[in-house]
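# Examination of the molecular architecture
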Amino acid sequence: LHRYIELTQNLTISTISTVIKKTSNMTNPQIERVLESADNLMANNPVIFQYEKLSELEKKSGFNKVYFVGAFAVVILSAVFLVGGAKLVTDLISFLYPAYASLKALDTDGEAVHDPQWTTYWIVFTFISIIEPVLSWIVPFYYVIKVAFFGWMCHPKFQGASFIHTHAIDPLVMRHLKSSAKEEVIAKKAE
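Residues numbered from 1 in each chain as written. Predicted model: local features only at pLDDT ≥ 70, side-chain atom pairs only at ≥ 80, totals over all residues. Heavy atoms only, no water.

## Side note on unusual backbone geometry
- Even without glycine at this site, Gln50 takes up a positive phi of about 50 degrees.
- The phi dihedral of Phe141 is positive, around 55 degrees, even though this residue is not glycine.
- By the secondary structure assignment, Phe141 is in the loop between helix 6 (116-138) and helix 7 (142-154).
- On the basis of relative accessible area, Phe141 is assigned to the exposed category, the value being 67%. (Helix = DSSP H or I, 4+ residues; strand = E, 2+ residues; numbered from the N terminus. Buried < 20%, exposed > 50% of the residue type's maximum accessible area, 1.4 Å probe, protein only.)

## What to know about the packing of aromatic side chains
- This structure, assessed with the given rule, holds 13 aromatic pairs.
- Ring centres of Tyr97 and Trp118 lie 6.2 Å apart, and the angle between their planes is 70 degrees; this geometry places the pair in the edge-to-face category. Placement of the pair is Tyr97 in helix 5 (residues 65-106) and Trp118 in helix 6, with a sequence separation of 21 residues.
- Residues Tyr121 and Phe125 carry aromatic rings whose centres are separated by 6.2 Å and whose planes lie at 15 degrees to one another, so their mutual orientation is stacked. On the criterion of helical spacing, the pair formed by Tyr121 and Phe125 is a turn pair, its members being four residues apart in helix 6.
- For Phe125, a relative accessible area of 14% gives the class buried.
- Among the aromatic residues, ring-to-ring pairing joins Phe95, Tyr97, Tyr100, Trp118, Tyr121, Trp122, Phe125, Phe149, Phe150, Trp152 and Phe163 into one connected group. (Phe/Tyr/Trp six-rings, centres within 6.5 Å; stacked < 30°, edge-to-face > 60°.)

## Brief notes about the side chain of Ser61
- Locating Ser61 in the fold gives a position in helix 4 (residues 51-61).
- Within the structure, the side chain of Ser61 is placed 2.9 Å from the backbone oxygen of Leu57, a separation counted as a polar contact. (Polar contact = N/O pair within 3.5 Å; in protein donor to acceptor, adjacent residues only side chain to side chain.)

## Digging into the nonpolar core
- Formed by 13 residues in total, the largest nonpolar core has its most connected members in Trp118, Tyr121, Val124, Ile128, Phe150, Met153 and Ile164.
- Examining the composition of this core, we find that five residues originate from one element, helix 6, more than from any other.
- Residues within four places of Tyr121 in sequence aside, it is in contact with Ser94, Pro98, Pro116, Phe150, Met153, Cys154 and Ala161.
- Residues Leu35, Met42, Leu54 and Val66 belong to the second largest nonpolar core, which totals five residues. (Core = buried A, V, L, I, M, F, W, Y, C linked by side-chain atoms within 4.5 Å. Contact = heavy atoms within 4.5 Å.)

## Concerning the confidence of the model for the protein
- Across the protein, the average pLDDT comes to 82, with 77% of residues at 70 or higher.
- Mean pLDDT across the elements of the protein bottoms out in helix 1 (residues 2-25) (55) and peaks in helix 7 (94). (pLDDT = per-residue confidence, 0-100.)

Structure representation (structure tokens):
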């Protein structure tokens, strides 16, 4: 009986391994392009991604090194989720790329740049962060909606923060700020 169980387990493991290896060779051309792009990114940053070690692992296992990086990212995100919950994960997603993009926008060779995209993003991010305890209690699936909303706001294709600036902040808030700024200038001239 023990020999039968051992043979069954070995057969199951070898069958699964064979199926995975056969199906990993049958991929969609779009997936191949994504894998190639990710591999190029890792090759351009060999120290960060430990490219040589991943290449050795790829040779030993037969699986693309991008899969290992993806699995590692899933494990890290799962650990972050277990430690800090959905709020920490959504805060990181809502913060990391926008912070990077904002820093890139500031790097303008000494020229003053008015960028309503990132200014508005951070205003809305702060506002949502302040009212989040109430929203997370009232709105069902709040954290999923939050990630989708902030993704829409910061995605280069949609530039939702610029849309919010043009359609909400500018007409509702800026006209009051502009009129109070004019009053301050007039008051200073009168002195």
